[in-house]
Every structure is written in structure tokens, then in C-alpha cells.
Amino acid sequence: GDSVTQTEGLVTLTEGLPVMLNCTYQTIYSNPFLFWYVQHLNESPRLLLKSFTDNKRTEHQGFHATLHKSSSSFHLQKSSAQLSDSALYYCALSDPPGGNYKPTFGKGTSLVVHP
Amino acid sequence: EAAVTQSPRNKVAVTGGKVTLSCNQTNNHNNMYWYRQDTGHGLRLIHYSYGAGSTEKGDIPDGYKASRPSQENFSLILELATPSQTSVYFCASGDRLGGSQNTLYFGAGTRLSVL
């Protein structure tokens, strides 16, 4: 079945430094959908960005990610971390139509940005 | 913006009691999901549904039942609640049609404590 592996546990950064959270995946499908969800404290997860196009950069709210099918990766990046970026981040994969109905989530990466 | 409403938001139950968590979505999405979230485990899928009348087991279905009586409503039922089921439960909806690529929209969550 599908699987998603992301930077596990806690990532601690100083404000202003770049952010990179890794995500790699495995699937039998050549055209999966990849997602990053963000969950702030005491909130529910919400979509941050998504992609299904190979080698195309997707951006939202200062974050960006590029789906690289050759390496099965969808890393999340930001050039300069802000205190408000402190949150739990999930990478997820969804099969294309014809595949499984259930998305596959990574275990989550907790990002803490300090002054 | 997709709307997913969960009730109750908080629940305290006794061991051995029956608990029903409700979820309603007004987006006409075909797919609905129940997750639980525990520190160190991320989001774990309990049950899901791809349409009214259907329910499927997720990754951790033991001790839980689900019911999807209509497109809008999806319930999670704990027939005999145990302390190990103390957790935060999220309902989500999504659809692979219309280009949404099964983006998930989460409810606000239900915090369940089983004493």
C-alpha cells in the first residue's frame, strides 16, 4: 500500500532561518496527489498546499513545495521562519481516481520557531 | 470554504458506556473520515465512507463502529468505551471530483475523556 515518510518528531528553529521539512512517499500510481496540512495549537488540520504536477513549484502563505516524481519527494520549504509558523505539519498522499479512497498521512513534524 | 461540524466538542464518558460522535458536512462531499489524534501517533484513520450507506474499516477500527445514513452525516460509535479511547477525534470530508483531488476538510474536533 501507499506510505508517507516525513521528518519525524520535533524541529526547532530560530526565527529568520530557513525551514525545510522532508517528505517522501511510496505508491504504485504514477500520478498521486501530494498535500501538506498544517495544524496550529488547539486547532484542526487545514490544507497548506497541494500538487500533482511533476517538477512544478507550488506556493502558499510563504511556503513552497515541488513534487519530484523521480525521487518521490514533496519537501516543504520557507525562506525565513516566523514565530507564527510554529505548528504541526503533516505530509499526505491521495490516490488518483480509481485508487484507494483513503489518504495516507505521515506521522507529522512539530515545528517550533523561537526568537 | 468547506464546512464540517462535529458534536459534541467535549465529552466525558464512563468506562463501559456508549458514546456517539456526530459529524455533519454541507459540501456534498462523497468521502468522509474519522481520525483520532494522539501525541506521538499523528492522525490515525478509524473508519471512512465513500457515500451514503457505506462504511469501511480504516487502520485502527477495533472498538469502533461507524454509520453513514446520509451524504451529510457520518457518526462514530463506541459501544463499550474504554480509557484507551481517550483522545481527540477529527471528522473530515473530501471529494476526488471537480479537481479537489480529495483535499480533506476537517471539523473542529471532539475531545473525549473516558474515565
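Scroll up for the structure.
A short tour of the structure in this document, coming up. Residue positions are given per chain, counting from 1 as you read along its sequence in written order. Written order decides the labels, with chains lettered from A and ligands numbered from 1. Local features in a predicted model are, by the rule used here, given only for residues with pLDDT of at least 70; side-chain atom pairs are given and counted only at 80 or more, and totals for whole chains, interfaces and linings are based on all residues. Derived side-chain values reflect all non-hydrogen atoms in the structure, with water molecules and hydrogen atoms excluded from consideration.

## A closer look at the interface of chain A and chain B
The accessible area lost on association of the parts is a frequent measure of interface size. A contact between two residues is defined here by any heavy atoms of the two lying within 4.5 Å. The interface is formed by 25 residues belonging to chain A together with 22 residues belonging to chain B. Here's the idea: put two parts together, see how much 1.4 Å probe accessible area each one loses, and the total over both is what we call buried area. Looking only at chain A, the three residues that lose the most surface to chain B are Tyr101(A), Lys102(A) and Phe105(A), adding up to 31% of its buried area. Here, a salt bridge means any side-chain nitrogen of Lys or Arg that lies within 4 Å of a carboxyl oxygen of Asp or Glu. If you look at where chain A meets chain B, you find one salt bridge. Taking the shortest distance from any N to any O, the salt bridge between Lys102(A) and Asp59(B) comes out at 2.9 Å. We call two N or O atoms a polar contact when they sit within 3.5 Å, provided that within protein one can donate a hydrogen and the other can accept it, with sequence-adjacent residues counted only if both atoms are side-chain atoms. Between the two partners, chain A and chain B, sit six residue pairs in polar contact (both at pLDDT 80 or more). Here a strand is any run of E in DSSP of at least two residues, a helix any run of H or I of at least four, and the numbering for each starts at the N terminus. Breaking the side of chain A that touches chain B down by element, the ones donating at least two residues are strand 5 (33-39), strand 6 (46-51) and strand 10 (87-94) of chain A. Of the residues forming the side of chain A that touches chain B, the biggest block, four residues, is contributed by strand 5 of chain A. In the scheme used here, Gly and all other residues not listed as nonpolar or charged are polar, with Ala, Val, Leu, Ile, Met, Phe, Trp, Tyr, Cys and Pro taken as nonpolar and Asp, Glu, Lys and Arg as charged. For the side of chain A that touches chain B, a count of residues per class yields 13 nonpolar, seven polar and five charged.

## Some points on the environment of Tyr35(B)
Position of Tyr35(B) relative to the elements: it lies in strand 4 (residues 31-38). Along the backbone, Tyr35(B) and Ile60(B) are 25 residues apart, and their C-alpha atoms lie at a distance of 9.2 Å. Those residues within four positions of Tyr35(B) in sequence are excluded, and the remaining contacts are Pro103(A), Phe105(A), Leu43(B), Arg44(B), Leu45(B), Ile46(B), Val88(B), Tyr89(B), Phe90(B), Leu104(B) and Phe106(B).

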